[in-house]
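A structural walkthrough
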Amino acid sequence: MDFILKKIFSAKKKSKKLLAVLIDPDKFNPDVIECCINYKPDFIFVGGSSVAKSDFTKTVKFIKQKTSLPLVIFPGDENQIDKNADGILLLSLLSSRDADYLIGKHISSALILKKSQLEIIPTAYLLLDESGKSSTAVVTGSKGISHKEKHLIACSALAAEQLGFKIIYLEAGSGAKKIIPSTLLKKIAGMISLPVIAGGGIDSAKKAGNLWQKGADLIVVGNAIERKIDLIRELCFKRNQLNKK
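These lines cover the structure that appears in this document, whether it is placed above or below. Only a predicted model underlies this, so the values are computations on that prediction, with no experimental measurement involved.

Observations regarding the pattern of salt bridges
Side-chain pairs of opposite charge can arise where the charged atoms are in close proximity. Summed over all chains, the structure comprises 10 salt bridges. Notably, a salt bridge pairs arginine 239 with aspartate 42, separated by 3.0 Å at the nearest N-O pair. Of the two residues, arginine 239 is situated in helix 10 (residues 231-244) and aspartate 42 in the loop between helix 2 (30-39) and strand 2 (43-46); the sequence distance between them amounts to 197 residues. In this structure, arginine 239 and aspartate 42 share a single accessibility class: buried. One salt bridge connects lysine 105 with glutamate 78, and the closest N-O pair in it is separated by 3.3 Å. Separated by 27 residues along the polypeptide, lysine 105 in helix 4 (residues 99-116) and glutamate 78 in the loop between strand 3 (71-73) and strand 4 (87-93) bring together distant segments of the chain. Residue lysine 105 is classed as partly exposed on the basis of its relative accessible area, which comes to 22%. Because the salt bridges share partners, they merge into one network encompassing Lys7, Asp42 and Arg239.

Written out as structure tokens, the structure reads:
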């Protein structure tokens, strides 16, 4: 098992919680990296829904020069691949029935990924934003699953585990009004053994803490940090508090 997955599975086994700061190259603020250096989230994710290749490459290069924190690509499309990162979430949008986002994009990028030697992390991506207004929904042209469809979402996560995915990513949508419901997280955590990532709508340490305590192994925060960089410190402090218990 490669080191990123090993870190995530090891933390889950020990009931330790993890934090990733998501950076969109289109909105990149170098001060975010300085804050990450000071307070040490577990990962830096980089990616966006519509990012120029040059901006993506510059952002990855800058981050790698500044910090040794693991840098994981959270790709908005198949062009967001850079061999200088440490790993990539190979996302399959299981909440969609569009073959392009289930397997098509993966075929297009397979040879590039092989040559890059990045750590590839097969990730089942479930969009839980039924509004269709999130960046993921707009780019993919598909609405997410309603939060009310708890059984469908839990069974989708279970099917992903049975298919051999390594991680489940529950996405409430970029800048979502509501976070993933705690009852849903608890249901999924009780059905599968895979690590669960939760993202979308997390704009406070209180919300992050609630998700961590209800079953999320890794929290991803992006939009809220663009508005309030000091949130990184608050989230790291909350994570450290939980991990001391």
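Describing the sheet that holds strand 1 (residues 18-23)
Pairing in this closed barrel of eight strands is parallel, and the strands run 1-2-3-4-5-6-7-8 around the ring. Pairwise comparison of adjacent strand axes, ignoring direction, gives a mean angle of 30 degrees for this sheet. Summarising the sheet, strand 5 (residues 119-127) and strand 6 (residues 167-171) pair through five bridges and their orientation is parallel. Bridge pairing in strand 6 places alanine 124 opposite isoleucine 168.

Some remarks on helix 1 (residues 3-13)
Among the residues of helix 1, Ile4, Leu5, Ile8 and Ala11 are the ones counted as buried. One side of helix 1 carries all its buried residues, which in axial view fall inside an arc of 135 degrees. Within helix 1, the exposed residues directed more than 90 degrees away from the buried face are Lys6 and Lys13. Looking at the buried side of helix 1, the elements it contacts are strand 1, strand 2, strand 3, strand 4, strand 5 and strand 6. One or two steps after helix 1, the chain reaches serine 15, where phi turns positive at roughly 60 degrees.

Looking at the pairing of strand 8 (residues 218-221)
Side chains Leu218 and Val220 of strand 8 all project onto a buried face; the interleaved residues Ile219 and Val221 project onto the opposite face, where all are buried too. Pairing between strand 1 and strand 8: four bridges, direction parallel. Bridging across to strand 8, alanine 20 finds its partner in valine 220. As judged from the three bridges shared by strand 7 (residues 196-199) and strand 8, these two strands associate in the parallel manner. Within strand 8, the position partnered with isoleucine 197 by the bridge is leucine 218. Where the polypeptide runs from strand 7 across helix 8 (residues 205-214) and back to strand 8, its parallel neighbour, the crossover connection is right-handed.

What to know about the packing of helix 8 against helix 10
Contact geometry for helix 8 and helix 10: axes closest at 9 Å, N-to-C directions at 35 degrees. The two elements helix 8 and helix 10 meet at a crossing, and its hand is right-handed. Contacts between helix 8 and helix 10 involve Ala205, Ala208, Gly209, Trp212 and Gln213 from the former and Leu231, Glu234, Leu235, Lys238, Arg239 and Leu242 from the latter. Residues that form the contact of helix 8 with helix 10 fall into these classes: six nonpolar, two polar and three charged.

A word on unusual backbone geometry
Of note in the backbone geometry, serine 15 takes a positive phi value of approximately 60 degrees without being a glycine. Serine 15 gets classed as exposed once you look at its relative accessible area, which sits at 56%.

Comments concerning the nonpolar core
In this structure, Ile168, Leu170, Ile180, Ile188, Leu211, Ile219 and Val221 are the most contacted members of the largest nonpolar core, which totals 58 residues. Element by element, the count of residues in this core is highest for helix 10, at five residues. What isoleucine 180 contacts, discounting residues up to four positions off in sequence, is Leu128, Leu170, Glu171, Ala172, Leu185, Ala198, Gly199 and Leu211. The next biggest cluster of nonpolar side chains, apart from the first, holds 23 residues, and it includes Val72, Ile167, Tyr169 and Ile197.

Overview of the packing of aromatic side chains
With the rule as written, the count across this model stands at six aromatic pairs. Between the aromatic rings of phenylalanine 45 and phenylalanine 74, the centroid separation amounts to 6.3 Å while the plane-to-plane angle is 50 degrees, which identifies the pairing as tilted. With phenylalanine 45 in strand 2 and phenylalanine 74 in the loop between strand 3 and strand 4, the pair connects residues that are 29 residues apart, well separated along the chain. Overall, phenylalanine 74 belongs to the buried group, its relative accessible area being 9%. Aromatic ring contacts, followed pair by pair, group Phe43, Phe45, Phe74, Tyr125 and Tyr169 into a single cluster.

The rules behind each value
- All chains use their own residue numbering, which begins from 1 and follows the written sequence.
- The predicted nature of this model means local features are confined to residues of pLDDT at least 70 and side-chain atom pairs, given and counted, to a pLDDT of 80 or more, with totals for whole chains, interfaces and linings taken over all residues.
- Hydrogens and waters are ignored; side-chain quantities use all the structure's heavy atoms.
- Here, a salt bridge means any side-chain nitrogen of Lys or Arg that lies within 4 Å of a carboxyl oxygen of Asp or Glu.
- Numbering of helices and strands starts at the N terminus; helices are DSSP runs of H or I of at least 4 residues and strands are runs of E of at least 2.
- Accessible area is worked out with a 1.4 Å probe on protein chains only. A residue is then buried under 20% of its type maximum, exposed over 50%, and partly exposed in between.
- Being paired, for any two strands, means DSSP has found at least two bridges between them.
- Helix axes use the C-alpha atoms of the stretch in contact, all axes being lines fitted to C-alpha atoms, and the angles between their N-to-C directions lie in the range 0 to 180 degrees.
- To obtain the arc, one takes the directions from the helix axis to the C-beta atoms.
- Residues are treated as being in contact if the distance between any of their heavy atoms lies within 4.5 Å.
- A right-handed crossover is one whose linking path, passing over the helix from the first strand to the second, runs clockwise when the strands point away from the viewer.
- For any helix crossing, the convention is left-handed if the near helix is rotated counterclockwise from the far helix by under a right angle, and right-handed if that rotation is clockwise.
- Under the scheme applied here, ten amino acids are nonpolar (Ala, Val, Leu, Ile, Met, Phe, Trp, Tyr, Cys and Pro), four are charged (Asp, Glu, Lys and Arg), and all others, including Gly, are polar.
- Here, the term nonpolar core denotes a set of buried Ala, Val, Leu, Ile, Met, Phe, Trp, Tyr and Cys residues that are joined through side-chain atoms within 4.5 Å.
- Pairing of aromatic rings covers Phe, Tyr and the six-membered ring of Trp, with a centre-to-centre limit of 6.5 Å; geometry is then stacked below 30 degrees between planes, edge-to-face above 60, and tilted otherwise.

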